[in-house]
Amino acid sequence: MKKNLTRLGAVFCLSLAALVCAHLAVGWTEDKVEIRETVLAGDRSAARGMEIACSVYDDSHHLRWDVALTLGGDIAPETDFRFFTGRRYWEIPPEYTAQLYPAPLNFSMSGRVAEDDQRDAEYEYMVRPAMDAASRTAPGEKRTETLRLADYYDCYPLALEAWTPEGPIYSTSWRGSGRTLDREEWQKVNDYFRMPVPPEAMVTVTAERNGAGELVEISCEETEAAEQLAPMSSLGVASGEALYLPVIPPRETPDQVAAGIHVIPLLEKEDRLTLDLDHIRLLYPLALAAADDMIDFTWNQDRSLLMLYTREAGRLVLTTVDPHTGEAVQRLELMDLGPEEWVGHMDQSALYMVYGNSEDDFVLLREEAGVLSQVLSGKLGLSWPMTEMFSSRSWLAWDGERLALTGFIQGRMDQESGTRQPMGFGAAVWTGEGLQYAGFYEYVPARDWENWLDGYYRHLFDGRVEGAAWE
């Protein structure tokens, strides 16, 4: 008994020592976050009065520093440090998206392939040509054939998925995750969104059996012509009332779905949302030269208007559509856009920044009472690492004359030099006269500055910009 008590006392002392060390380690981090400013272009005074809020956290999500600072003068960040015993993650914004896509035609499976399972999986992959070749493959044989896809499918099998905060994830793919629709419902989706397989679409399939006759490999690869003729995945949007899907068939045929924005109403049944597949309809027709002339499709910020970006006669066009009536509210020509060029956009605080064709153009729109107006346009004039702001969660701010953009810049390895680039955030300011300022702000907890310079901590911390505004 005495020996057990001694052991228990030792364990208690060790645990207490560990807690004390952990407390000291955490307390040691509470000083502040140090910010180092690097001016990359222009005059830093152009950013005067720009207030930034950002956060830094460790990769275990136990430590977090919230930092606030004002640009253009002395860099004097205010830091609020918090320690979490359990992991704390950022809140993920709700999704209002939908997607209609063809079953994959290119696939490869090896090992012991269960033939009955693959025949049932034709809604996940277009397996019929490969399984047909497998039926003619003898034990110990590997067979490769080029087959006509239309001999196996009249139309491309389609799957539909949607994400809304008001309801669970649901899917019409036969084996999709979340709530799946039964085969009859799946068939209704495919009967409406008909996309016939063209007679010239060909695929190359391979099937192999071992000596015991077991199927050990099947694969399918579409030819270049088949790839060009296949329908594109359609990215749509959702609400608690309906799904909105812009569909552009790859070519015109009499029995295919009409080009345009289609709406699928949602019904609440047994405390969950479900698709009203008996009332799918065309909301807004489209006449585009090609499927890739539909550039983007999204909501406006309060989800009262559908925003459709298209390429028409070499111009980027934004059309806003009433989701209830299908009426076009506005049509705005934004910038030149060549046949191979694409754009991105970010929306925030009634502001919409559209950017990124080969000429480095951008346009800033402002929304008031459902009406968009262009307030600024010009050239971005940014280079790496500042361009990384466009792939992170960034923030816009507008004071009537100055546009500010701030965004997180991830530290990463420079392949040429073999050194790790620092982590921080970027800030850029434009006026009607162009880019006025671009700066990079490197940040880490100040206690780890020397280790940070040695690269030890660089992969252990992450961050993001939480907000930006003019004073």
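Each remark here, short or long, concerns the structure printed above.
What you see is a predicted model, and the numbers here were worked out from it, not measured in a lab. (Residues numbered from 1 in each chain as written. Predicted model: local features only at pLDDT ≥ 70, side-chain atom pairs only at ≥ 80, totals over all residues. Heavy atoms only, no water.)

(A) Focus on the overall build of the protein. Within the protein, the regular secondary structure consists of six helices and 30 strands. A separation threshold of at least 6 residues defines the contact pool for the protein, and within that pool the share at least 24 residues apart is 56%. (Helix = DSSP H or I, 4+ residues; strand = E, 2+ residues; numbered from the N terminus. Contact = heavy atoms within 4.5 Å.)

(B) Inspection of the pattern of salt bridges at higher detail. Scanning all chains against the criterion turns up 19 salt bridges. Two residues, Arg-194 and Asp-255, come together in a salt bridge whose shortest N-O distance is 3.5 Å. Placement of the pair is Arg-194 in the loop between helix 4 (183–192) and strand 11 (202–209) and Asp-255 in the loop between strand 14 (242–247) and strand 15 (260–269), with a sequence separation of 61 residues. Overall, Arg-194 belongs to the partly exposed group, its relative accessible area being 28%. Residue classification places Asp-255 among the partly exposed residues on the basis of a relative accessible area of 40%. In this structure, a network of salt bridges that share partners links the residues Arg-64, Asp-66, Arg-82, Arg-464 and Glu-466. (Salt bridge = Lys/Arg side-chain N within 4 Å of Asp/Glu carboxyl O. Buried < 20%, exposed > 50% of the residue type's maximum accessible area, 1.4 Å probe, protein only.)

(C) Molecular detail of the sheet that holds strand 18 (residues 294–299). The four strands are arranged 18-19-20-21 in an open sheet whose pairing can be described as antiparallel. Edge strands, defined here as strands with exactly one partner in the open sheet, are strand 18 and strand 21 (328–336). Along the sheet, successive strands turn relative to each other by an average axial angle of 20°, direction set aside. Note that strand 20 (residues 315–321) and strand 21 share seven bridges and pair antiparallel. Within strand 21, the position partnered with Leu-318 by the bridge is Leu-332. (Pairing = 2+ DSSP bridges. Axes fitted to C-alpha atoms, helices over the stretch in contact; angles between N-to-C directions.)

(D) Representation of the layout of surface pockets within the structure. Each pocket or cavity is described by its volume, and for the largest pocket that value is around 1000 Å³. Secondary structure elements with two or more residues in the lining of the largest pocket: strand 13 (234–238), strand 18 and strand 22 (344–348). Its residues assigned to classes, the lining of the largest pocket shows ten nonpolar, ten polar and six charged. (1 Å grid on protein atoms, 1.4 Å probe; cavity = no way out; pocket = protein on both sides within 12 Å on 5 of 7 lines; lining within 4 Å. Points joined across faces, edges and corners; volume = space filled by probe spheres on them. Nonpolar A, V, L, I, M, F, W, Y, C, P; charged D, E, K, R; others polar.)

(E) Representation of the side chain of His-262 within the structure. If you trace the backbone, His-262 turns up in strand 15. His-262 gets classed as buried once you look at its relative accessible area, which sits at 1%. Within polar-contact distance, the side chain of His-262 engages the backbone oxygen of Ala-258 at 2.7 Å. Those residues in contact with His-262 that lie beyond four places of it in its chain are Tyr-192, Phe-193, Leu-243, Tyr-244, Leu-245, Val-247, Val-257, Arg-281, Leu-282 and Leu-283. (Polar contact = N/O pair within 3.5 Å; in protein donor to acceptor, adjacent residues only side chain to side chain.)

(F) Molecular detail of the packing of aromatic side chains. Scanning the model with the defined rule gives six aromatic pairs in all. Ring centres of Tyr-244 and Trp-299 lie 5.5 Å apart, and the angle between their planes is 80°; on these two criteria the pair is classed as edge-to-face. Here Trp-299 lies in strand 18 and Tyr-244 lies in strand 14, a separation of 55 residues in the sequence. Under the relative-accessibility criterion, Tyr-244 is labelled buried at 3%. (Phe/Tyr/Trp six-rings, centres within 6.5 Å; stacked < 30°, edge-to-face > 60°.)

(G) Summary view of unusual backbone geometry. Put simply, Trp-384 and Pro-385 share a cis peptide bond, and its omega is 10°. Considering the arrangement of structural elements, one finds Pro-385 in the loop between strand 25 (371–379) and strand 26 (395–398). The backbone phi angle of Ser-349 is positive, close to 50°, even though this residue is not glycine. With respect to the helices, strands and loops of the structure, Ser-349 is situated in the loop between strand 22 and strand 23 (351–355). Look at Ser-349 and you get exposed, because its relative accessible area is 53%.

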